[in-house]
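# Understanding the architecture of this molecule
Spelled out, the chains give:
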Amino acid sequence: MKLSKLLLAATAASMLALPASAAEVKKIGLAVPNLQADFFNQIKLGVEKHAKEKGIEVVVVDAKNDTNTQVSQVQDLMTQDINAFIYIPAGAAAAAVPTRLAREAGIPVINVDRTPEGAPGDTFIAGESVQSAYEVCKYIIGKAGGSGKMAIIHGQKGTTPEVDRFTGCKKAIDENKGVELVDQQWSNMWSADEGFTIAQNMLQANPDITIIFGQADGLAMGAAKAVDVANLSDKVIIGGYDGDVSALEYLAKCKGPFIATATQSTQKMGVLAVESALAVAAGQKVEERQTPNAVLTTCENAPEFVKSHP
Amino acid sequence: MVADVKERQGFAGIVLPSLRGATGPLIGLIVLCLFLTFATDKFLSVRNFLNVLDQITVLGVMAVGMTLVILIGGIDLAVGSVMALAMMVLGYLNVVAGVPMGIAIPLALLVASLNGLIAGILITRFNVPAFIATLAMMSITRGLANMITDGQQIIGFPAWFNMMAIVRFGGFLTLTVAVMVVVFIVGLLYQRYRHGGRVLYAIGGNAEVARLAGINVQRATVLVYVVCSFLAGLSGMVLAARLDSVQPSSGVSYELDAIAAVVIGGTSLSGGTGGIGGTIIGVLIIGVLRNGLNLLSVSPFMQQVIIGAVIVLAVTAETYRKRK
């Protein structure tokens, strides 16, 4: 009696184990919006490094910020019989179509950074921008003495990070009565040259700006250049976001108007994405939302992040 | 049996002359397909072939219009922006204003065509060079497209709209691919058999001679830009169906892809030679190349290099052949 029960349990266990081994992950498809952006490149590096350790092949496709290209590329990934799909939607419109394609193929979908409305993946991995943006703005406002005229250089209008980072920063502004938000402008590519031009125009219109928040490090670095050119380096304080390698190197020097950023755990996001893909494929339950949070980075802790990016 | 043979001759009679001057690109396409067939076992399958057709619909429809413009020695840099504007008009009318698709789509196409009308009038009546006129329209239409929703995307089309790009009728054609095929066939027939089609070559060869020969060059030029913008709008409808959403940032630099497809297909940028047959080959080359490079897991940076090299190769091979 006992033996038969044991046998039954054993067969049940082996039957349970079967689908897990059948869904072994050998090849992961990674769809990236734009590898020119350091942020996505770091995620890619994280995915590749971790997958290599696990002996998994990674196929990367780069949509160059075009949703149409991305849908085509995802079709091609499906043709290559990938076992799991890591999806970072391109553009402001996080298209639901790639998720549907992957669902049709019956493979795990892991969303990183952005998630399409109405078609969620198995898990969504992204930093929590609101809180980290609040910390950056609180820090730079504090360094400026809690008052002064402030400007914000936004990212691409309407994207999730743009909206969230503004929400967080606005909270810090509202907490300091002496801070006046005098100018806000939007960029398209989150890039340094845009940050430079926008900041230059802002300083032209309001020469007494003392605090600038750039929603990405590229924008903040560009703004820092504009401030240098205008000879205002000792009067203006700039905050950024993302923790790009070049920005961390800048901060580590402890010199210049750009003094703080929030370093996103980009490589860790890549590792988490691979881990989640493996877990979902093995039939385990994965948290709906995973938030590897960004860390406030200043001249003090920047050097260690330069050495090894989180 | 006899009718069968006749029919086949008729078919060859349409397709083969349309490919004249595009034999180089055609050979290139065949070599590319052969290479990919041996390089990866994933390439040669019905499923992948249908994927490629899905993937080239937007470019294909747009490139037909661009071919007509380039044939008369013009250029249209505004097609990518016009496409985005048509998509946003469609999204606004259908989703925000609740206008049924049957009315919203024609209205969006009308708005797109208007852009071509303005560009055409600028070029013919005000003697603005085509490059400048369409460059200006590119900027204006992109701005307008962004203004409709203040840069936001629009989602929430009826479910059947996305199905047009997904469901394969008879296991073969999605409706969006069917739209492209119809545009191809109408374009080929018009270019070969209609007076209006022959006129384009005359204008591209020498506009002044064409005028003296009694061709209304101005009217033909305006019409060509209207048709090109209309097709850009139509490609926008196809893209909206494919993405199930519209966003004003769509189609950035698509005009360059369209020009590349036309040029790879053997149409001369100075006008007068080439045609839609070659452009179809050009579109297929770009489509197959992008698809094949993805299947081979070539790194994204390397892909850019290879696509550029293919453009250079296609064009130099063609000019070399002509000089001989």
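Model, not experiment: these values are computed from the prediction.

How each quantity is defined
Residues numbered from 1 in each chain as written. Chains lettered and ligands numbered in written order. Predicted model: local features only at pLDDT ≥ 70, side-chain atom pairs only at ≥ 80, totals over all residues. Heavy atoms only, no water. Helix = DSSP H or I, 4+ residues; strand = E, 2+ residues; numbered from the N terminus. Expected span 1.5 Å × (residues − 1). Buried < 20%, exposed > 50% of the residue type's maximum accessible area, 1.4 Å probe, protein only. Contact = heavy atoms within 4.5 Å. Buried area = accessible area lost by both parts, 1.4 Å probe. Salt bridge = Lys/Arg side-chain N within 4 Å of Asp/Glu carboxyl O. Nonpolar A, V, L, I, M, F, W, Y, C, P; charged D, E, K, R; others polar. Pairing = 2+ DSSP bridges. Axes fitted to C-alpha atoms, helices over the stretch in contact; angles between N-to-C directions.

### Focus on helix α10 (residues 266-281) of chain A
All names here are of chain A. Here α10 spans 23 Å end to end across 16 residues, near enough to the 22 Å set by a 1.5 Å rise per residue. Among the residues of α10, T266, Q267, M269, G270, A273, V274, S276, A277, A279, V280 and A281 are the ones counted as buried. Contacts from the buried residues of α10 go to β1 (27-32), α2 (38-53), β3 (84-87), β4 (109-112), β5 (123-125) and β11 (289-290). Phi for G283, located one or two positions after α10, is positive at around 85°.

### Things to note about the interface of chain A and chain B
The interface is formed by 30 residues belonging to chain A together with 30 residues belonging to chain B. Between chain A and chain B, the buried area comes to about 2600 Å², and carbon and sulfur atoms account for 44% of it. When the area that chain A buries against chain B is broken down by residue, the three leading residues are N68(A), D76(A) and T79(A), summing to 21%. One can count 2 salt bridges joining chain A with chain B. D244(B) is the salt-bridge partner of R100(A), the closest N and O atoms lying 3.2 Å from each other. Those elements that place two or more of their residues in the side of chain A that touches chain B are β2 (57-62), α3 (67-79) and α4 (97-105) of chain A. If you tally residues by element for the side of chain A that touches chain B, the top one is α3(A), at 10 residues. For the side of chain A that touches chain B, the residue count by class is 10 nonpolar, 12 polar and 8 charged.

### Things to note about the sheet that holds strand β10 (residues 258-263) of chain A
Backbone hydrogen bonds are what pair the strands of a sheet, in a parallel or an antiparallel way. Residue and element names in this part refer to chain A. Spatially, β7-β6-β8-β9-β10-β12 is the arrangement adopted by the 6 strands of the open sheet, whose pairing is mixed. The sheet is open, and its two edges are formed by β7 (178-187) and β12 (295-297), each paired on a single side. The mean angle between the axes of side-by-side strands here comes to 20°, regardless of whether they run parallel or antiparallel. Sheet topology places strand β6 (residues 147-156) next to strand β8 (residues 209-214); 5 bridges connect them, and they run parallel. Each bridged residue has a counterpart across the sheet, and for A151 the counterpart in β8 is I212.

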